[in-house]
Amino acid sequence: MQKFNYHSHTYRCKHADLDVKDEEYIQEYIKMGFKKVAITDHCPEKNIIDKREDMRMDYSEKEEYLNSIGKLKEKYADKIQIETGFEVEYLPGEEENIKELKQETDKIMLGQHFIYDDNKELKRFGKHNFTDDELIRYAQYIEEAIKLNIPDVIAHPDVYMHKRKDFGEIEAKVANMICKSAEKYKIPLEINLAKVFNETYYENKKINNEPIEEQKRKLSNVVYPRREFWEIAKDYDIKVLYGIDVHHKGQISKYKELIELANEIIGKETINKLNFIE
C-alpha cells in the first residue's frame with residue numbers, strides 16, 4: 001500500500017476545512033503510517049487571473065505557508081519526511097511566475113483546472129462545457145508545462161472528462177497526447193482520489209462510516225478517475241501514483257478504502273498493468 005502522498009491542501013485555499021491546522025494533517029498522516037508527504041496547496045497568483053475567492057491562497061500568504069510547512073518538516077523529521085509544494089495551473093505568459101514557485105519549493109503538482117479560450121477568458125472544468133478543440137488545448141498546455149520542466153507530477157490528468165459521458169476519438173487523442181508527453185519526460189501521472197471521496201464517504205460535509213460495499217454503489221457519480229483514460233495509460237512506460245487530494249480532516253484515514261474504490265472504477269486488469277511508484 002502506498003505510504004506517501006504528494007497531493008494535500010490547507011485552509012488557505014479557502015475550500016478546505018477552515019478550522020484544521022497544518023499540524024493536524026501531519027499528525028493524521030503519521031497516525032496512518034505514512035513515510036512521506038508533500039503539502040501542495042493551490043498556488044497563489046502574482047498576477048491575479050483566477051478571480052474566484054474560494055480557490056487559492058492570497059499571494060501575501062505564501063511566505064507564512066512555506067514557513068509553517070518548513071517548521072513542521074523540522075519538528076517531525078524523525079517521524080515523517082515532509083516537503084513543501086504547490087498545485088499550479090500552466091497558462092501562457094505566466095511561465096516565470098510559476099517557475100519562481102518551483103524554485104521556492106520541493107514539489108510541484110500540475111493540476112490543470114482551466115485554459116484560456118479564444119478570447120483569453122478562463123474556461124474551467126466543472127463549470128463550462130469544452131469543445132473538442134479546447135480539450136486539445138488542455139492537452140497542449142500540459143505538454144508545454146512538461147517541456148518547460150514545471151511539474152513533478154501531473155494531477156488528475158483525466159479531469160477533462162468532468163462534463164463528458166462518452167469517451168470517443170477526441171477523448172482518446174487527449175489521453176494519448178498526455179501519456180506520450182509524460183512518458184517522454186518521465187513525469188508521473190496521478191490517480192486522483194478526491195472525487196471518489198466526495199461521492200462516497202463525504203456527505204453533507206461530514207464523513208460517514210458506511211461499509212465499503214455500500215460505498216461502491218455510489219461510484220456511478222464519480223467523473224474521474226476515468227477507466228478509459230487509464231486503459232490507454234497502461235500501454236505507456238509511465239510511473240503512476242495515487243493522490244488523496246486532501247481537503248478535509250479524516251480524509252487521510254480513508255485512503256486505503258479510497259484506493260480500493262478507485263481500483264474498482266479502473267478495473268483490476270488495468271491496475272495490474274500500471275507501473276506504480278514504490
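The following refers to the structure shown. All values reported here derive from a predicted model rather than from experimental measurement.

**Notes on helix α9 (residues 255–266)**
- For α9, with twelve residues, the first-to-last C-alpha span of 16 Å sits near the 16 Å given by 1.5 Å per residue.
- Looking at the packing, one finds that the buried side of α9 touches β8 (189–192), α6 (194–199), α7 (212–216), α8 (227–233), β11 (239–243) and α10 (268–273).
- Phi turns positive, to about 105 degrees, at Gly267, one or two residues after α9.

**Things to note about the pattern of salt bridges**
- For the structure shown, the criterion picks out 33 salt bridges.
- One salt bridge connects Glu24 with Lys249, and the closest N-O pair in it is separated by 3.0 Å. Taken together, the residues Glu24 in helix α1 (residues 22–31) and Lys249 in the loop between β11 and α9 connect sequence positions 225 residues apart.
- Classification of Glu24 by relative accessible area gives partly exposed; the value is 23%.
- Lys216 is paired through a salt bridge with Glu264; the nearest N and O atoms lie 3.7 Å apart. Taken together, the residues Lys216 in helix α7 and Glu264 in helix α9 connect sequence positions 48 residues apart.
- On the basis of relative accessible area, Glu264 is assigned to the partly exposed category, the value being 45%.

**Observations concerning the packing of α1 against helix α2 (residues 62–75)**
- In the contact formed by α1 and α2, the axes pass within 10 Å of each other and the chain directions differ by 35 degrees. Two packed elements cross with a definite hand, and for α1 against α2 that hand is right-handed. Residue-level contacts link Asp22, Glu23 and Ile26 of α1 to Ser68, Ile69, Leu72 and Lys75 of α2.

**With respect to the nonpolar core**
- If you look at the biggest cluster of nonpolar residues, it comprises 83 residues, and the most contacted ones within it are Tyr160 and Ile191.
- Apart from the residues lying within four places of it in its own chain, the contact partners of Tyr160 are Phe125, Leu135, Tyr138, Phe167, Glu171, Val174, Ala175, Ile178 and Phe229.
- Residues Tyr6, Ala38, Val153 and Leu241 belong to the second largest nonpolar core, which totals seven residues.

**Some points on the environment of Arg227**
- With respect to the helices, strands and loops of the structure, Arg227 is situated in helix α8.
- Accessibility expressed as a relative area gives 36% for Arg227, which makes it partly exposed.
- Counting along the chain gives 225 residues from Arg227 to Gln2, while the straight-line C-alpha distance between them is 20 Å.
- Setting aside chain neighbours within four positions, we find Arg227 in contact with Ile265 and Ile266.

**Points about the state of the cysteines**
- Per the counting criterion, the structure on display carries zero disulfides.
- Residue Cys43 stays outside any disulfide, its sulfur separated by 11 Å from that of Cys13, the closest cysteine.
- Note on Cys43: relative accessible area 6%, which makes it buried.

**With respect to unusual backbone geometry**
- Between Tyr224 and the following residue, Pro225, the backbone shows a cis peptide bond with an omega angle of 10 degrees.
- With respect to the element layout, Pro225 can be found in the loop between α7 and α8.
- In this structure, Lys186 is a non-glycine residue whose phi angle is positive, near 60 degrees.
- Looking at the secondary structure, you find Lys186 in the loop between α5 (169–185) and β8.
- Classification of Lys186 by relative accessible area gives exposed; the value is 71%.
- The phi dihedral of Lys205 is positive, around 65 degrees, even though this residue is not glycine.
- For Lys205, the position within the fold is in the loop between β9 (202–203) and β10 (206–207).

Reading the values: rules and limits
- Residues numbered from 1 in each chain as written.
- Predicted model: local features only at pLDDT ≥ 70, side-chain atom pairs only at ≥ 80, totals over all residues.
- Heavy atoms only, no water.
- Helix = DSSP H or I, 4+ residues; strand = E, 2+ residues; numbered from the N terminus.
- Expected span 1.5 Å × (residues − 1).
- Contact = heavy atoms within 4.5 Å.
- Salt bridge = Lys/Arg side-chain N within 4 Å of Asp/Glu carboxyl O.
- Buried < 20%, exposed > 50% of the residue type's maximum accessible area, 1.4 Å probe, protein only.
- Axes fitted to C-alpha atoms, helices over the stretch in contact; angles between N-to-C directions.
- Left-handed = near helix turned anticlockwise from the far one by under 90°.
- Core = buried A, V, L, I, M, F, W, Y, C linked by side-chain atoms within 4.5 Å.
- Disulfide = S-S within 2.5 Å.

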